[in-house]
Amino acid sequence: MVSKLEEGTVGRARLDPENCDPRFFKGVQPNGDFQGPTAVAGVLRPTMSPVIRAESLTIRYGSFEAVRRVTLDISEREVTAIIGPSGCGKSTLLRAINRMNDLVVGASVEGKLLYRGKDIYGPQCDPVDLRRKIGMVFQKPNPFPKSIYKNVAWGASINGYRGNLFDLVERSLRQAALWEEVKDKLHQNALNLSGGQQQRLCIARAIALEPEVLLMDEPCSALDPIATARIENLIDELRARYTLILVTHNMQQAARVSQQTAFMYMGELIEMDATDTIFTRPSKPKTQDYITGRFG
Amino acid sequence: MNPDASHFGSSIAARRFWSGCFTLVCGLTTLVGGIILLALVIQVVREGWPALSLKLFTKFPSVLDPENAGVKSALFGTLWLVTLTAAFSIPLGLGAAIYLEEYAAKTRLTRWIELNIANLAGVPSVVYGLLGLTVFVRTLGFGRSILAGALTLSLVVLPVMIIASREAIAAVPASLRSAAFALGATRWQTIRAQVLPVALPGILTGAILGLSRAIGEAAPLIVIGALAFVAHVPSGPMDQFTALPIQIFNWCEDPGQEFHRLAAAAIVVLLGVLIPLNAVAIGVRAWYQSSKKVL
């Protein structure tokens, strides 16, 4: 099921998978070891083993249900967009995947959320370890008020990176399409960069940890159209190596960069399908209404 | 009729007039503060000028011979006190602030503790003197030592330090913490590498304010029994001591005009200790803020 969007990327310069360096981090196992039980009910796409799977996932803030019984699969090395109006729970769902909701007082989770078959909210899962493997890029660029170099190197060094830090910084900045712009000022404060550069720095910072999944929470909403276009191109390149989940307000953006699209409304997952299907012939009238701009 | 004209009736001239008035009032209040401070300093320096000489720093205090009286023991006592007070109160205050702001769950108990710390900041320092007398001088048997004095002063300044440090830590944007956590940092790694460096200028400001207060305190030291006349430089934290504010207080009590002059001179010395201390802290803060730009 190759979508039109995917066809459009054929021939575009992709990152070389051969370039993938060995896992430098302590205690990291090859991906195969994460394979858990696969015979689970409610599988949406039985042909693939999903990286992330939510099963009847409900997330509450106090008694307010922000996400209601959501079941979905996120497949490997694809961009999955989550769209929906403000307050539909898409960010909450995203922040549950790397357990950033743990930091919100009163947040609670019911149902199952699996990362390669392992329960993210299970007792075996350490959120600190999980966040190394599932990176995140935030809505507003939030570089540390330190040098560009330190912004990228810090995450790796606190996680016990044993390779050459400078090489890692260069590689990450190259992958984030920022190297050429900053290679002469690596030791200047990151806050002097433009908004779009800051956001690419945040992406470089996240991929320096060699995560498997990259969560992006409206990464372009604070950027101008040109910076947005650069990030979108970057997202398209990154899916060669990472599984990306993109929360966005911008339906055109979802249509441009994603292969799968999930539409959420009032905390519920209304529909999830291949992106071109969602945007050309959605099966639910609510989705139709939203993408044609009748509400939201 | 133009709807704008009917609904927005107030005159722009009047609004500008009131805005100007407020600027004037605020400027005047600032001016009043500045003038009072300046007058105070000029008055003290003028009165103490004749007594300001090298002798002031080399001689010990005396009630009999104003010509040969100095503040040597008081100056050293104050330096000892400030150093020890800083050593006790900064780690304690910062630790408490980090715990309350970063670790403690926001329960009724922590809110109650926070409220009480705020209340303690308003307790008169004499009360801390009484506490110090009971706990440090008598119960723990430190006697009328520098150690007991520094611990008592630490009690006086701790609430201020905790509140200032907490505010500095709370002012660190939550987005920095999120960024650090999302990179797989533990809470301590986040605090150590991201929160504290950003909060440091505010924490230092709190420390300066606290220590400046400690330098100027006489009442709690008198209560715990600091001596008025000490004819030796303290050799260790268990020595008896006097401090500049106590010396100033004693000389002021004396009816002799020469002693008032000495008191004024001692005040100049006290200011002379305070200003470099503040300057150093401000310098460190400025250096840190500028170095952060390139680090």
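Residues numbered from 1 in each chain as written. Chains lettered and ligands numbered in written order. Predicted model: local features only at pLDDT ≥ 70, side-chain atom pairs only at ≥ 80, totals over all residues.

1. Concerning the overall build of chain A
Per the secondary structure count, chain A includes 11 helices and 10 strands. For chain A, contacts bridging at least 24 residues in sequence account for 70% of all contacts bridging at least 6. (Helix = DSSP H or I, 4+ residues; strand = E, 2+ residues; numbered from the N terminus. Contact = placed C-beta atoms within 7 Å.)

2. Focus on the overall build of chain B
Check the secondary structure of chain B and you find 12 helices and 0 strands. Counting helices and strands in the order they occur from the N terminus, chain B gives α-α-α-α-α-α-α-α-α-α-α-α. Its C-alpha atoms give chain B a radius of gyration of 25 Å, clearly above 19 Å, the size a compact globule of 295 residues would have. Taking all 295 residues of chain B together, 35% fall into the buried category. (Rg over C-alpha atoms; globule rule 2.2 N^0.38 Å. Buried ≥ 20, exposed ≤ 12 C-beta atoms within 10 Å, placed from the backbone.)

3. Some details on the interface of chain B and chain A
Listed per partner, the contact involves 19 residues of chain B and 27 residues of chain A. Among the elements of the structure, helix 8 (174-182), helix 9 (187-216) and helix 12 (257-294) of chain B are those that each provide at least two residues to the side of chain B that touches chain A. At 6 residues, helix 8 of chain B tops the list of elements feeding residues into the side of chain B that touches chain A. Split into classes, the residues belonging to the side of chain B that touches chain A amount to 10 nonpolar, 6 polar and 3 charged. (Nonpolar A, V, L, I, M, F, W, Y, C, P; charged D, E, K, R; others polar.)

4. Section: the pairing of strand 8 (residues 243-248) of chain A
Residue and element names in this part refer to chain A. Burial analysis of strand 8 places 6 of its 6 residues in the buried class, which makes it a mostly covered element. With burial as the criterion, each face of strand 8 is covered, one bearing Thr 243, Ile 245 and Val 247 and the other bearing Leu 244, Leu 246 and Thr 248. For the handedness criterion, the β-α-β arrangement of strand 7 (residues 213-217), helix 8 (residues 225-238) and strand 8 is classed as right-handed. (Right-handed = clockwise from strand over helix to strand, strands pointing away.)

5. Here we look at helix 7 (residues 146-170) of chain B
Two residues of an α-helix separated by three or four positions point the same way, owing to the 3.6 residues in each turn. A rise of 1.5 Å per residue sets the reference length of helix 7 of chain B, with its 25 residues, at 36 Å; its end C-alpha atoms lie 34 Å apart and thus fit the reference within 8%. A maximum bend of about 40° is found in helix 7 of chain B at B:Val157, where proline B:Pro159 lies one to four positions downstream. (Expected span 1.5 Å × (residues − 1). Bend = angle between axes of the 7 residues up to and from the residue.)

6. Examining the sheet that holds strand 10 (residues 268-274) of chain A
Residues and elements named next belong to chain A. The mixed open sheet is built from 6 strands, whose spatial order is 6-7-8-3-9-10. Every other strand in the sheet has two partners, leaving strand 6 (134-137) and strand 10 as the edge strands with one partner each. Averaged over all pairs of adjacent strands, the angle between strand axes in this sheet comes to 20°, irrespective of strand direction. Where strand 3 (residues 79-83) and strand 9 (residues 260-265) come together, 4 bridges link them in parallel fashion. The partner of Ala 81 across the bridge, within strand 9, is Thr 261. (Pairing = 2+ DSSP bridges. Axes fitted to C-alpha atoms, helices over the stretch in contact; angles between N-to-C directions.)

7. Description of the packing of helix 4 (residues 72-103) of chain B against helix 7 of chain B
When two helices pack together, their arrangement is given by the angle between the helix axes and the distance between those axes. Residue and element names in this part refer to chain B. Look at helix 4 against helix 7: their axes get within 6 Å of each other, and the N-to-C directions meet at 40°. Helix-helix and strand crossings are classified by hand; for helix 4 and helix 7 the assignment is right-handed. Looking at side-chain class alone, the contact of helix 4 with helix 7 contains 22 nonpolar, 7 polar and 3 charged residues. (Left-handed = near helix turned anticlockwise from the far one by under 90°.)

8. Describing the confidence of the model for chain B
Of the residues in chain B, 95% have a pLDDT of 70 or more, and the chain-wide mean is 88. Confidence metrics for the complex model read pTM 0.81 and ipTM 0.82. (pLDDT = per-residue confidence, 0-100.)

9. Observations concerning the sheet that holds strand 2 (residues 64-74) of chain A
All names here are of chain A. Sheet architecture is open: 4 strands sit in the order 2-1-4-5, paired in antiparallel fashion. Whereas interior strands pair on both sides, the edge strands pair on one side only; in this sheet they are strand 2 and strand 5 (118-119). Pairing of strand 4 (residues 107-115) with strand 5 involves 2 bridges; the strand directions are antiparallel. Within the sheet, the bridge partner assigned to Leu 114 lies in strand 5 and is Asp 119.

10. Some points on the nonpolar core
Membership of the largest hydrophobic core comes to 84 residues, with the highest contact counts inside it found for A:Leu214 and A:Ile245. When sequence neighbours within four positions are dropped, the list of residues in contact with A:Ile245 reads A:Ile74, A:Thr80, A:Ile82, A:Leu94, A:Ile97, A:Val213, A:Leu215 and A:Met216. B:Val160, B:Ile191, B:Ala214 and B:Leu270 belong to the second-largest nonpolar core, a separate cluster that totals 66 residues. (Core = buried A, V, L, I, M, F, W, Y, C linked by C-beta atoms within 7 Å.)

11. Section: unusual backbone geometry
The bulk of non-glycine residues show a negative phi, and the bulk of peptide bonds are trans. Residues and elements named next belong to chain A. One non-glycine residue with positive phi stands out, namely Ser 56, at about 45°. Turning to its location among the elements, Ser 56 is positioned in strand 1 (residues 52-61). Residue classification places Ser 56 among the partly exposed positions, given that 14 C-beta atoms sit within 10 Å. Positive phi, normally seen in glycine, also occurs at Ala 177, with a value near 55°. Relative to the elements of secondary structure, Ala 177 occurs in the loop between helix 5 (165-175) and helix 6 (179-182).

12. What about helix 2 (residues 12-48) of chain B?
Taking 1.5 Å per residue as the helical rise, helix 2 of chain B with its 37 residues ought to reach 54 Å, and the 54 Å between its terminal C-alpha atoms agrees with that figure. Within helix 2 of chain B, only 1 of the 37 residues are buried, which leaves it mostly out in the open.

13. Comments concerning the pairing of strand 6 of chain A
Residue and element names in this part refer to chain A. Of the two faces of strand 6, the one lined by Ile 134 and Met 136 and the one lined by Gly 135 and Val 137 are each fully buried. Bridging between strand 6 and strand 7 involves 4 bridges; their strand directions are parallel. Bridging across to strand 7, Met 136 finds its partner in Leu 215.

14. Some remarks on the environment of B:Leu56
Residues and elements named next belong to chain B. Secondary-structure assignment places Leu 56 in helix 3 (residues 54-58). Sequence separation of Leu 56 and Phe 8 is 48 residues, and the distance between their C-alpha atoms is 69 Å. When near neighbours in sequence (up to four residues on either side) are disregarded, Leu 56 contacts Ala 51, Gly 70, Val 71, Ala 265 and Val 269.

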